[in-house]
Amino acid sequence: MEKVNIEKGHVLHRKDEPVETVEIILKGGVCLTNGHDITLQAGQGTILGAFHQAGEPYQYDYAASEDSTLIVYDYGSEDDLIAIIKTNEVIAPVMASANMALLNGCLDTLLSFHEDGCELYEELKSAYEDYRNICVQLGITPERYDAVESLTFADGKVWDIAT
């Protein structure tokens, strides 16, 4: 266990590095990003790296979003997480709350991607129907795109191109 202070912008972990430690944010915040379209903010009490198995690669870059103070623990197994929580029993409710906030951020991001995907699906369906109708108007046989025609809804219903 080690207490460390990091400055805003300091990169704590890079995507694809193996998870060997977990950190509890005592003060400040850390931004998790995949470098493209996912950005999550972890605040005071969050256990960074806890949603990975030890040795797995990080899925995000972790960088301080402000000057921060962390407690760093070695992480070799889930037993280490249990020991860390027991060692910090007084702040366990804060850690639980902070980790739930991070998970809610993950769910919000997932929901946003799902909604974007549904919109793209509807746009593709409409464009494909337009293509088929234009081909009929021009007197040419539209090509079949099996990849488009085999798309299914999240609930398993198959997209019927005739509708």
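## Examining a negative patch on the surface
A cluster of acidic side chains, namely Asp16, Glu17, Glu20 and Asp74, defines a negative patch on the protein surface. With respect to the secondary-structure elements, aspartate 74 resides in strand β8 (residues 68-74).

## Description of the pairing of strand β3 (residues 21-27)
Extensive coverage of β3 is indicated by the burial of 5 of its 7 residues. With 6 bridges joining them, β3 and β8 adopt antiparallel strand pairing. Its bridge partner lying in β8, lysine 27 is registered against threonine 69. Where β3 and strand β6 (residues 47-48) come together, 2 bridges link them in antiparallel fashion. Paired with glutamate 23 across the bridge in β6 is leucine 48.

## Section: the sheet that holds strand β4 (residues 30-33)
Pairing is antiparallel in the open sheet, where 4 strands are placed in the order β2-β7-β4-β5. The open sheet has two edge strands with one neighbour each: β2 (11-13) and β5 (39-42). When the angles between neighbouring strand axes are averaged without regard to direction, this sheet yields 30°. Bridge count for β2 against strand β7 (residues 61-64) is 2 bridges, and the pairing is antiparallel. Across the sheet, the residue bridging to valine 11 is alanine 63, located in β7.

## Things to note about the side chain of histidine 52
By secondary structure assignment, the location of histidine 52 is in the loop between β6 and β7. With a relative accessible area of 4%, histidine 52 lands in the buried category. If we ignore the near neighbours within four places in the chain, the residues touching histidine 52 are Val19, Pro57, Tyr58, Gln59, Tyr62 and Tyr75.

## Considerations on the packing of aromatic side chains
Two numbers describe a pair of aromatic rings. These are the distance of the centres and the angle of the planes. Evaluated as defined, the whole model comprises 4 aromatic pairs. Considering the side-chain rings of tyrosine 58 and tyrosine 62, the 5.0 Å spacing of their centres and the 65° angle between planes classify their relative orientation as edge-to-face. Measuring from ring centre to ring centre gives 6.2 Å for tyrosine 128 and tyrosine 145, while their planes differ by 80°; the resulting arrangement is edge-to-face. Within this pair, whereas tyrosine 128 is found in helix α2 (residues 92-138), its partner tyrosine 145 is found in the loop between α2 and α3 (146-149), the two being separated by 17 residues in sequence. What links up through ring pairs into an aromatic cluster is the set Tyr128, Tyr131 and Tyr145.

## Description of the state of the cysteines
Per the stated rule, a full pass over the model turns up 0 disulfides. Of all cysteine sulfurs, the one in cysteine 31 lies closest to cysteine 106, which takes part in no disulfide; the gap is 12 Å. Unpaired in terms of disulfides, cysteine 118 finds its nearest cysteine sulfur in cysteine 106, a separation of 20 Å. Overall, cysteine 118 belongs to the partly exposed group, its relative accessible area being 37%.

## Things to note about the pattern of salt bridges
In the structure shown here, the tally under the stated rule is 1 salt bridge. Aspartate 146 is the partner of arginine 144 in a salt bridge, and the nearest nitrogen-oxygen pair spans 3.6 Å. A relative accessible area of 56% means that arginine 144 is categorised as exposed.

## Let's talk about the sheet that holds β8
Taken together, 4 strands build an open sheet; the order of strands is β1-β8-β3-β6 and the sheet is antiparallel. Bordering the open sheet on either side are β1 (2-6) and β6, each of which pairs with just one other strand.

## Remarks on the side chain of threonine 21
Residue position: threonine 21 is located in strand β3. Residue classification places threonine 21 among the buried residues on the basis of a relative accessible area of 16%. Reaching out from threonine 21, the side chain makes a polar contact with the side chain of glutamate 23 at a distance of 2.6 Å. Residues contacting threonine 21, with those up to four places away along its chain left out, are His13, Leu48, Tyr58, Val72, Tyr73, Asp74 and Tyr75.

Rules of the game
- Residues numbered from 1 in each chain as written.
- Predicted model: local features only at pLDDT ≥ 70, side-chain atom pairs only at ≥ 80, totals over all residues.
- Heavy atoms only, no water.
- Patch = residues over 30% accessible without salt bridge, like charges linked within 9 Å, V, L, I, M, F, W, Y side chains within 5 Å.
- Areas by Shrake-Rupley, 256 points an atom, 1.4 Å probe, with all protein chains shown as cover.
- Salt bridge = Lys/Arg side-chain N within 4 Å of Asp/Glu carboxyl O.
- Lys, Arg positive; Asp, Glu negative; His and termini not counted.
- Charge placed at Lys NZ, Arg CZ, Asp CG, Glu CD.
- Helix = DSSP H or I, 4+ residues; strand = E, 2+ residues; numbered from the N terminus.
- Buried < 20%, exposed > 50% of the residue type's maximum accessible area, 1.4 Å probe, protein only.
- Pairing = 2+ DSSP bridges.
- Axes fitted to C-alpha atoms, helices over the stretch in contact; angles between N-to-C directions.
- Contact = heavy atoms within 4.5 Å.
- Phe/Tyr/Trp six-rings, centres within 6.5 Å; stacked < 30°, edge-to-face > 60°.
- Disulfide = S-S within 2.5 Å.
- Polar contact = N/O pair within 3.5 Å; in protein donor to acceptor, adjacent residues only side chain to side chain.

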